[in-house]
Amino acid sequence: MPTLKVTVGKRDRLDQHTRSRIKAAQEGEDLDDAQPVLNFESYAELSRLLSPKNLELLETISEHDPESISEATELVDRDYKQVHQNLSELEDIGVITFEHSDTGQANQPKLAYDGLEIDLPFAGSNGSVSTAAP
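Residue numbers run consecutively from 1 along every chain, following the written order of its sequence. With the structure being a predicted model, the display of local features is reserved for residues of pLDDT at least 70 and the display and counting of side-chain atom pairs for 80 or more, all residues being used for whole-chain, interface and lining totals. Only hydrogens and water are set aside; all other atoms, that is, all heavy atoms of the structure, feed into the side-chain values.

The name given to the chain in an unreviewed UniProt entry is HTH domain protein, and the organism recorded there is Halobacterium hubeiense.

A. Broad picture of the overall build of the chain. From N to C terminus, the chain includes five helices and five strands. Helices and strands appear in the chain in the N-to-C order β-α-β-α-α-α-α-β-β-β. Within the chain, the fraction of its 134 residues that count as buried is 31%. Element-wise, carbon and sulfur atoms account for 47% of the exposed surface of the chain, whose accessible area totals about 8,500 Å². Under the DSSP-based scheme used, a helix requires at least four consecutive residues in state H or I and a strand at least two consecutive residues in state E, with every element numbered from the N terminus. Relative accessibility under 20% of the residue-type maximum defines a buried residue, over 50% an exposed one, and the middle range a partly exposed one, all with a 1.4 Å probe and only protein chains included. Computed with a 1.4 Å probe, the accessible areas rest on the Shrake-Rupley method; for each residue, only the protein chains presented here act as cover.

B. Looking closely at the layout of surface pockets. Only protein atoms enter the calculation, which uses a 1 Å grid: trapped sets of points that fit a 1.4 Å probe without letting it out are cavities, open sets showing protein on both sides within 12 Å along at least five of seven lines are pockets, and any residue with an atom within 4 Å of a point is a lining residue. Grid points are joined across faces, edges and corners, and a volume is the space filled by probe spheres set on the points. By volume, the largest pocket is sized at about 200 Å³. Lining the largest pocket are Leu55, Leu58, Glu59, Ser62, Val95, Leu111, Ala112, Tyr113, Asp114, Gly115 and Leu116. Ranked by the residues each element gives to the lining of the largest pocket, the list is headed by helix 3 (residues 52-64), at four residues. Looking at the lining of the largest pocket residue by residue, the class counts come to seven nonpolar, two polar and two charged. Classification convention: Asp, Glu, Lys, Arg as charged; Ala, Val, Leu, Ile, Met, Phe, Trp, Tyr, Cys, Pro as nonpolar; all other residues, Gly among them, as polar.

Next up, the structure:
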């Protein structure tokens, strides 16, 4: 599994990176090292991903490979509804997936990446990051 690069900044920063990679590909450069990128427009949005409860869930999935949301709930000793909501949000942004069983068994949360690489530009580096702190 690859590592997911998480960035903070306006979409135009990501678009510039994408355009430069397209140009490199057109010039024949090898782009096998392409890394998936998840961009947030503010630190406040990023803080949702990096909340202690989400990080605990990600670590639990990595260490224990729970068979279901219910098992993950037991492992983190939290309310099922909250864990289900957190896992659904993590799935929505592509950090986890759910393995669906044809036999009607529970959905198994799986990590979509080996890890997260966080790229945080400092204020003034491109002038596009919200000042909201996590």
